[in-house]
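# Breakdown of the fold
So you can see what is in the structure, the chains are spelled out below.
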Number of protein chains: 2
Amino acid sequence: MEKFRLHILGCGSALPTSVHNPSAQVLNIREKLYMIDCGEGTQLQFRKSKLKFSRLTSVFISHMHGDHCFGLVGIISTMALLGRTADINVFLPKDGEEIVRAQLDYFCRDIPFNVNLVTFDGGEERMIFEDNSITVTTVPLKHRIACCGFLFREKQGLRHINREMCDFYGIPAFMIGKIKNGEDFVTEDGETVANERITFPPDPVRSYAYCSDTIYMPELEKQLKGIDLLYHEATFCNEDVKRAKETYHTTSGEAAALALKAEVKKLLIGHFSARYTDSNLLLRECRSIFRNTVAATEGLTVDI
Amino acid sequence: MEKFRLHILGCGSALPTSVHNPSAQVLNIREKLYMIDCGEGTQLQFRKSKLKFSRLTSVFISHMHGDHCFGLVGIISTMALLGRTADINVFLPKDGEEIVRAQLDYFCRDIPFNVNLVTFDGGEERMIFEDNSITVTTVPLKHRIACCGFLFREKQGLRHINREMCDFYGIPAFMIGKIKNGEDFVTEDGETVANERITFPPDPVRSYAYCSDTIYMPELEKQLKGIDLLYHEATFCNEDVKRAKETYHTTSGEAAALALKAEVKKLLIGHFSARYTDSNLLLRECRSIFRNTVAATEGLTVDI
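Nothing here was measured: the structure is a model prediction, and the numbers come from that model.

### Considerations on the overall build of chain A
Helix and strand counts for chain A stand at 11 helices and 18 strands. Among the 304 residues that make up chain A, the fraction classed as buried is 59%. Put simply, 65% of the contacts in chain A that link residues at least 6 apart link residues at least 24 apart. When the accessible surface of chain A is totalled, it reaches about 13,300 Å², and 49% of it is carbon and sulfur.

Pasting the structure below:
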């Protein structure tokens, strides 16, 4: 299977601590890097994770709170200093366009590549990006300001050749591409060989959703149904549910309840409040509801 | 002697590395904190240094390159989250006012304190700040954009009472304040006792200058004459003098030459280029010219 790996660069909430950096993640899909959120200090975390700036193609900003975007202009400046020439896409909520553009105009006037700001209205499910490998769809969230998550879904890959059967039917090399694409094969005698007889199914399509920051939204069940990995904020523990509601955040129990309803394969929790010195309490609360839960931590990688 | 302590939070140059953070320092003068420059990640470095946000009164930004100011809005946001209500002063070059104000307006709309932006023209020596303890004067530098250093100078303190002599002359308690201020004492017999006979001199006035970023400017000798501590950038080693000139930076040898000419008591070098994996080469080059040199490093404190 080709690479589909999540790197956690930061999983704290608004107050950075000596334990957690603010929100930032990188998804490595077949050696192309997609960044999700970019809090202050993300560029340093990126370096520590031994990721390559040159492979970063797009950045997705969930919302315009500082702990999710204060590192954006810094990482762009650094890539310019490192000699980058390839353009980069920055997807962000439309209310963030003006201030980000103002900063780029001021601090990144003369950089040798374009920053394509692409704004979206995160209030509805909408595909905002696609390339050869994936699609990215917004996941509408409810926070104190406009905010959305992102659902990354692999595109269906090609079918795999059944070498033995292809040899049996004497299929010529120039046909292989078409057959991987699903075409049947017609022999010289006019016999049609069904594609399923000469190929194996493609790799299963993998999916990852990032949901932060948001109040508990059980209705996300529908959009997230059956995905492989769900990163969901669990800013507070169950006991602090009142505080979670007030600040439009989620508790660990609520995050786990959503994972259970949506039948996701694995839950990864993060965006931990600075009040918790370690995440074990939150993790235990999740696991009592949804067993396959992992707590994010800086430097963690998860292969999907 | 009262506290006059410098904390190094970051002493790298434009490219943050796993070794160095971008420029930021804190001067602790009698438990009031003055920040100088505020690169990305400064708030985390501040916490690591166990400094108290509530004691931070003013921030001085030397110039508007990102590695000297990208952490400013983040640290202000964090102080707001921590419940700060006291106003804070931010001194910055006038060309930075608009973009910083735009960011504060966007990200810090509802914070419970005022950020007083005070702009200056760093092209001339001018006192831009004073309080009970110190004055701060700009040090004109030459960089690719408007840039200046800062000279922190203690105000003359009060004279110290010579307890023995005061007892001998029977000086009453209510006179002590005036005598500390330098007044002579007149006995009941009308005899004038010179202040010098009943007091000791005040503590010596201490001074610290921050000079970064700049091309080598031997003419700074005059303004920096005899100061206690000079922080001067030494971005490059002697061999890279051409690169230093091109980028308006200083070599280690040049920083040391200035320290020698200005007869400063101690030189602290920093703003090291990411190309040097350790600062020992730069330090050796300085010490061969000016022996009392120290290389900055994150977490270093220097008592003046």
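Let us keep going from here.
### Quick look at the relation of the copies chain A and chain B
Mapping chain A onto chain B leaves a residual RMSD of 0.1 Å; the transformation is a rotation of 180° accompanied by 0.0 Å of translation along its axis. Each copy turns onto its partner about a two-fold axis. Considering only C-alpha atoms, the part of chain A nearest the rotation axis is Gly41 of chain A, at 2.6 Å. A shared binding surface is used by both copies, with 100% of the interface residues of chain A retained as interface residues in chain B.

### Side note on the pattern of salt bridges
All names here are of chain A. The full count for this structure, using the stated rule, is 34 salt bridges over all chains. The salt bridge partner of Glu31 is Lys3, with a shortest N-O separation of 2.9 Å. Taken together, the positions of Glu31 in the loop between β2 (24-29) and β3 (32-38) and Lys3 in the segment before β1 (4-10) put the pair 28 residues apart, joining distant regions of the chain. For Glu31, a relative accessible area of 34% puts it in the partly exposed group. Across the pair Lys265 and Asp228 runs a salt bridge whose closest N-O atoms are separated by 3.3 Å. Within this pair, whereas Lys265 is found in the loop between α10 (252-262) and β16 (266-270), its partner Asp228 is found in the loop between α8 (221-224) and β15 (229-233), the two being separated by 37 residues in sequence.

### Here we look at the pairing of strand β7 (residues 127-130) of chain A
Residues in a regular strand project their side chains so that they alternate between the two faces of the sheet. Bridge count for β7 of chain A against strand β8 (residues 134-140) of chain A is three bridges, and the pairing is antiparallel. Opposite Glu130 of chain A, over in β8 of chain A, you have Thr135 of chain A as the bridge partner.

### Considering the environment of Gly12 of chain A
Residues and elements named next belong to chain A. With respect to the helices and strands, the residue Gly12 is situated in the loop between β1 and β2. Separated by 167 residues in sequence, Gly12 and Ile179 place their C-alpha atoms 48 Å apart. In this structure, Gly12 is in contact with His20, Asn21, Pro22, Ser23, His271, Phe272 and Glu298, ignoring residues within four places of it in sequence.

### A closer look at the nonpolar core
By size, the foremost hydrophobic cluster in this structure holds 67 residues, and its most contacted members are Phe46 and Ile76 of chain A together with Ile76 of chain B. If sequence neighbours within four positions are ignored, Ile76 of chain A has contacts with Val90, Leu104, Cys108, Ile111, Phe113 and Val115 of chain A.

### What to know about the interface of chain A and chain B
Facing 31 residues of chain A, the contacting portion of chain B comprises 31 residues. Interface of chain A and chain B: buried area, both sides summed, is about 2,500 Å²; carbon and sulfur atoms make up 68% of it. Linking chain A to chain B there are six residue pairs in polar contact (both at pLDDT 80 or more). Of all the secondary structure elements, the ones that give two or more residues to the side of chain A that touches chain B are α1 (42-48), α2 (66-69), α3 (72-81) and α4 (97-107) of chain A. Considering only residue class, the side of chain A that touches chain B consists of 14 nonpolar, 14 polar and three charged.

### Description of the confidence of the model for chain A
Summary statistics for chain A give a mean pLDDT of 96 and a share of 100% for residues scoring 70 or more. In the model output, the complex is listed with pTM 0.92 alongside ipTM 0.90.

### Observations concerning unusual backbone geometry
Residues and elements named next belong to chain A. The omega angle of the peptide bond from Ser212 to Asp213 is 0°, so this bond is cis rather than trans. If you check the backbone angles, Lys50 has positive phi at about 60° while not being a glycine. Along the chain, Lys50 turns up in the loop between α1 and β4 (56-60). A residue is classified by how much of its surface remains accessible, and Lys50, at 72% relative accessible area, is exposed.

### Some points on the environment of Phe91 of chain B
All names here are of chain B. Assignment of secondary structure puts Phe91 in strand β5 (residues 88-93). The exposure class assigned to Phe91 is buried, which follows from its relative accessible area of 3%. C-alpha of Phe91 to C-alpha of Asp37: the two residues are 54 residues apart in sequence and 9.9 Å apart in space. Apart from residues no more than four positions distant in its own chain, Phe91 is found in contact with Ser58, Val59, Phe60, Ile61, Val118, Phe120, Ile128 and Phe129.

### Things to note about the side chain of Arg84 of chain A
Residues and elements named next belong to chain A. Mapped onto the secondary structure, Arg84 falls in the loop between α3 and β5 (88-93). Although Arg84 lies buried, it forms no salt bridge, and the closest oppositely charged side chain, Asp87, sits 7.0 Å away as judged by the N-O distance. Within the structure, Arg84 has its side chain in polar contact with the backbone oxygen of Phe53 (distance 3.1 Å). Polar contacts involving the side chain of Arg84 include one to the main-chain carbonyl oxygen of Asp87, which spans 3.2 Å. Not counting the four nearest positions on each side in its chain, Arg84 is found in contact with Phe53, Ser54, Leu56, Thr57, Met79, Pro112 and Phe113.

Rules and cut-offs
Residues numbered from 1 in each chain as written. Chains lettered and ligands numbered in written order. Predicted model: local features only at pLDDT ≥ 70, side-chain atom pairs only at ≥ 80, totals over all residues. Heavy atoms only, no water. Helix = DSSP H or I, 4+ residues; strand = E, 2+ residues; numbered from the N terminus. Buried < 20%, exposed > 50% of the residue type's maximum accessible area, 1.4 Å probe, protein only. Contact = heavy atoms within 4.5 Å. Areas by Shrake-Rupley, 256 points an atom, 1.4 Å probe, with all protein chains shown as cover. Least-squares fit on C-alpha atoms with pLDDT ≥ 70 in both. Salt bridge = Lys/Arg side-chain N within 4 Å of Asp/Glu carboxyl O. Pairing = 2+ DSSP bridges. Core = buried A, V, L, I, M, F, W, Y, C linked by side-chain atoms within 4.5 Å. Buried area = accessible area lost by both parts, 1.4 Å probe. Polar contact = N/O pair within 3.5 Å; in protein donor to acceptor, adjacent residues only side chain to side chain. Nonpolar A, V, L, I, M, F, W, Y, C, P; charged D, E, K, R; others polar. pLDDT = per-residue confidence, 0-100. Lys, Arg positive; Asp, Glu negative; His and termini not counted.

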